[in-house]
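Below are the chains, spelled out letter by letter.
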Amino acid sequence: MALLAEITHRCPLQCPYCSNPVELARTAAEMGTGEWLRLIDEAASLGILQIHFSGGEPMARSDLPRLVRHARAAGLYTNLITSGVLLDRERLEALTEAGIDHVQISIQDTDPANADKISAYPNGLVKKRAAALLVHEAGLALTINAVVHRQNLDRLHEMIAFAEAVGAERIEVAHVQYYGWALKNRDYLMPTIDQLEAATALVEAERRRLGGRLVIDYVIPDYYARRPKACMGGWGRRFINVSPTGNVLPCHAAETIPNLTFANLRERSLAEIWENDPAFAAFRGTDWMPAACRACDRREIDWGGCRCQALALTGDAAAMDPACDRSDLHGSLFALAQKAAGGEPVIRAYRRIGVK
Ligand code: FES
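These numbers come from a predicted model, not from an experiment. (Residues numbered from 1 in each chain as written. Predicted model: local features only at pLDDT ≥ 70, side-chain atom pairs only at ≥ 80, totals over all residues. Heavy atoms only, no water.)

**Q** Explain helix α9 (residues 193-210) to me, please; I cannot follow it from the model alone.
**A** For the α-helix, the turn length of 3.6 residues means that residues three or four positions removed from each other point alike. The end-to-end C-alpha distance of α9 is 25 Å, a good match for the 26 Å that 18 residues give at a rise of 1.5 Å each. Residues Gln 195, Leu 196, Ala 199, Thr 200, Val 203, Glu 206 and Leu 210 constitute the buried set of α9. One side of α9 carries all its buried residues, which in axial view fall inside an arc of 135°. Opposite its buried face, α9 presents the exposed residues Asp 194, Glu 197 and Arg 208, each directed more than 90 degrees away. Where α9 is buried, its residues touch α6 (156-165), β6 (170-175) and β7 (215-218). (Helix = DSSP H or I, 4+ residues; strand = E, 2+ residues; numbered from the N terminus. Expected span 1.5 Å × (residues − 1). Buried < 20%, exposed > 50% of the residue type's maximum accessible area, 1.4 Å probe, protein only. Arc of directions from axis to C-beta. Contact = heavy atoms within 4.5 Å.)

Below, the structure is given as structure tokens:
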């Protein structure tokens, strides 16, 4: 269904929960324009419907309009996933002219000082608001992506108001996922159970008030959930991630799984990788599951949850996801969340190239 093209790991922001791998790709290793154009053609031939241009910050690449134009010509729905800080009128016009369909702008907080602190980038909120208004004025579909955690969850009401004020159709209230960078900063980021309950009640009230005028996507964070999320809609079922260097992955965090190796587009075609690559086959379907999951009536609903989280929490990517209340480790996950939520509020690692 969808391909996430991480065209660069370069980014002016340094958020301590970034979903990129801890080992970031340097500029010289990125695929060139011709290689991305070939990937787009292969994606269209494979029947992929949507392409999400992401990063890092995809606006850091000057060939982005060319890639968007090519994707549109190939019949793909095009989405730009951006921080918004590099999106001015001129660059938006180039993207609109190239045929971009949808723009998603992330925000760190509605408190400017805290937004600056989280992103390690000065005055970002002002730029993001201006960029979001430009997208709305251009008549493009707009989503605000609010990544929430203990340091900003008390301002969720203001974040929803921000999305409403800039004319977004949708806001994703995305709880931080604890792998990679966020795992390093878990004590800083983990919300308290009281914050979570207040946020969940607020989302329900706001959905009633907004009546669908602004759609709110909201999922309970895994550490406090009873059921695991169907991560990526199931491993190797609907989603392909391509890293800046051309590695083809079943999810954005798959490279954290040490015993898997990933094929590269410089050596094999996308179709061949999708159909035959052992890394895609590793957790596809239900055969790989532990016996209890294979026998579970939800096995084709949650698809075993998240493999990267199972690895981060148990050391084994094939283990039952502890987010599931049928896991023996489920109780200890809740205790872990409560301990982290009382942890020292210190950013231990900003996301930077060359830092591990
Ligand atoms: Fe990799 Fe969930 S992020 S399977």
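**Q** How should I be thinking about the UniProt feature "domain: Radical SAM core" (unreviewed entry) in the chain in this particular structure?
**A** The positions UniProt marks with the feature "domain: Radical SAM core" (unreviewed entry) are residues 1-213. This span, residues 1-213, is 43% helix and 17% strand, and a straight line between its end C-alpha atoms measures 26 Å. (UniProt positions renumbered as here; feature names shortened; annotations may be inferred.)

**Q** Sorry, what's going on with the pairing of strand β4 (residues 102-107) here?
**A** Extensive coverage of β4 is indicated by the burial of six of its six residues. Burial along β4 is two-sided: His 102, Gln 104 and Ser 106 and Val 103, Ile 105 and Ile 107, pointing in opposite directions, are all buried. The sheet contact formed by strand β3 (residues 77-82) and β4 spans four bridges and is parallel. What sits directly across from Asn 79, in β4, is His 102. (Pairing = 2+ DSSP bridges.)

**Q** Is there a simple way to think about the domain arrangement of the chain in this case?
**A** Interface size is commonly expressed as the accessible surface area that is lost when the partners come together. Taken domain by domain, the chain comprises domain 1 (2-220) and domain 2 (231-342). A C-alpha centroid distance of 23 Å is found between domain 1 and domain 2. On the side of domain 2, 31 residues touch domain 1, which itself brings 32 residues to the contact. Taken over both partners, the interface formed by domain 1 and domain 2 buries close to 2500 Å², and the fraction arising from carbon and sulfur atoms is 63%. The largest share of the area that domain 1 buries against domain 2 comes from Leu 4, Leu 46 and Tyr 179, three residues that together contribute 24% of it. Taken together, domain 1 and domain 2 are joined by one salt bridge. Seen at the junction of domain 1 and domain 2, the total is 12 residue pairs in polar contact (both at pLDDT 80 or more). (Domains from an automatic or database assignment. Buried area = accessible area lost by both parts, 1.4 Å probe. Salt bridge = Lys/Arg side-chain N within 4 Å of Asp/Glu carboxyl O. Polar contact = N/O pair within 3.5 Å; in protein donor to acceptor, adjacent residues only side chain to side chain.)

**Q** Even after reading the chapter, I still don't get the environment of Gln 104, so can you show me in this structure?
**A** Structurally, Gln 104 can be placed in strand β4. For Gln 104, a relative accessible area of 9% gives the class buried. Taking the C-alpha atoms as reference points, Gln 104 and Ile 81, 23 residues apart in sequence, are found 4.8 Å from one another. Filtering out sequence-adjacent residues up to four positions away, Gln 104 remains in contact with Asn 79, Leu 80, Ile 81, Thr 82, Thr 143, Asn 145 and Glu 172.

**Q** Teacher, can you tell me more about empty space enclosed by the protein here?
**A** If you roll a probe as big as a water molecule over the atoms, it shows you where there is empty space left. Applying the stated criterion to the full structure yields four cavities of 30 Å³ or more. The volume enclosed by the largest cavity comes to roughly 100 Å³. What lines the largest cavity is a set of 13 residues, among which Cys 231, Trp 235, Gly 305, Cys 306 and Arg 307 lie closest to the centre. Per-class residue counts for the lining of the largest cavity are 10 nonpolar, two polar and one charged. Estimates place the volume of the second largest cavity at around 80 Å³. Along the walls of the second largest cavity sit 14 residues, with Ser 19, Asn 20, Tyr 179, Gly 180 and Ala 253 positioned nearest its centre. Its residues placed into classes, the lining of the second largest cavity shows seven nonpolar, six polar and one charged. Both of domain 1 (2-220) and domain 2 (231-342) provide at least three residues apiece to the lining of the second largest cavity. (1 Å grid on protein atoms, 1.4 Å probe; cavity = no way out; pocket = protein on both sides within 12 Å on 5 of 7 lines; lining within 4 Å. Points joined across faces, edges and corners; volume = space filled by probe spheres on them. Nonpolar A, V, L, I, M, F, W, Y, C, P; charged D, E, K, R; others polar.)

**Q** Quick question: what am I supposed to make of the UniProt feature "binding site: [4Fe-4S] cluster" (unreviewed entry) in the chain here?
**A** Taken from the UniProt record, the annotation "binding site: [4Fe-4S] cluster" (unreviewed entry) applies to Cys 11, Cys 15 and Cys 18. Checked against the lining of the second largest cavity, the annotated residues reduce to Cys 18. Note that Cys 15 resides in the loop between β1 (2-6) and α1 (33-46). Not counting residues up to four positions away in its chain, the partners in contact with Cys 15 are Gln 108, Ile 118, Ser 119 and Arg 351.

**Q** Explain the packing of α1 against helix α2 (residues 64-73) here, please?
**A** Think of two packed helices as two axes; the pair is described by the angle between the axes and how far apart they sit. Packing of α1 against α2 brings their axes to within 9 Å, and their N-to-C directions diverge by 20°. Looking at the two axes, α1 sits roughly parallel to α2. Between α1 and α2 lies a crossing of right-handed hand. On α2, the residues touching Thr 33, Trp 36, Leu 37, Ile 40 and Asp 41 of α1 are Arg 66, Leu 67, His 70 and Ala 71. (Axes fitted to C-alpha atoms, helices over the stretch in contact; angles between N-to-C directions. Parallel < 35°, antiparallel > 145°, perpendicular 65-115°, else oblique. Left-handed = near helix turned anticlockwise from the far one by under 90°.)

**Q** What's the story with the environment of His 252 in this structure? I'm lost.
**A** The residue His 252 is located in the loop between β9 (248-249) and α10 (270-276) in this model. Spatially, the C-alpha atoms of His 252 and Asn 145 are 17 Å apart, while their sequence positions differ by 107 residues. In this structure, His 252 is in contact with Glu 6, Ser 19, Tyr 179, Met 232 and Asn 241, ignoring residues within four places of it in sequence.

**Q** Looking at this model, I keep getting lost on unusual backbone geometry. Mind explaining?
**A** Leaving glycine aside, a negative phi is the common case for residues, and trans is the common case for peptide bonds. The linkage connecting Gly 55 with the following residue, Gly 56, adopts the cis geometry, with an omega of 15°. In this structure, Gly 56 sits in the loop between β2 (50-54) and α2. Even without being glycine, Asn 123 reaches a positive phi, approximately 60°. As for its placement among the helices and strands, Asn 123 is situated in the loop between α4 (112-119) and α5 (124-137). Its identity is not glycine, yet Met 232 carries a phi of approximately 60°, on the positive side. Relative to the elements of secondary structure, Met 232 occurs in the loop between β7 and β8 (239-242).

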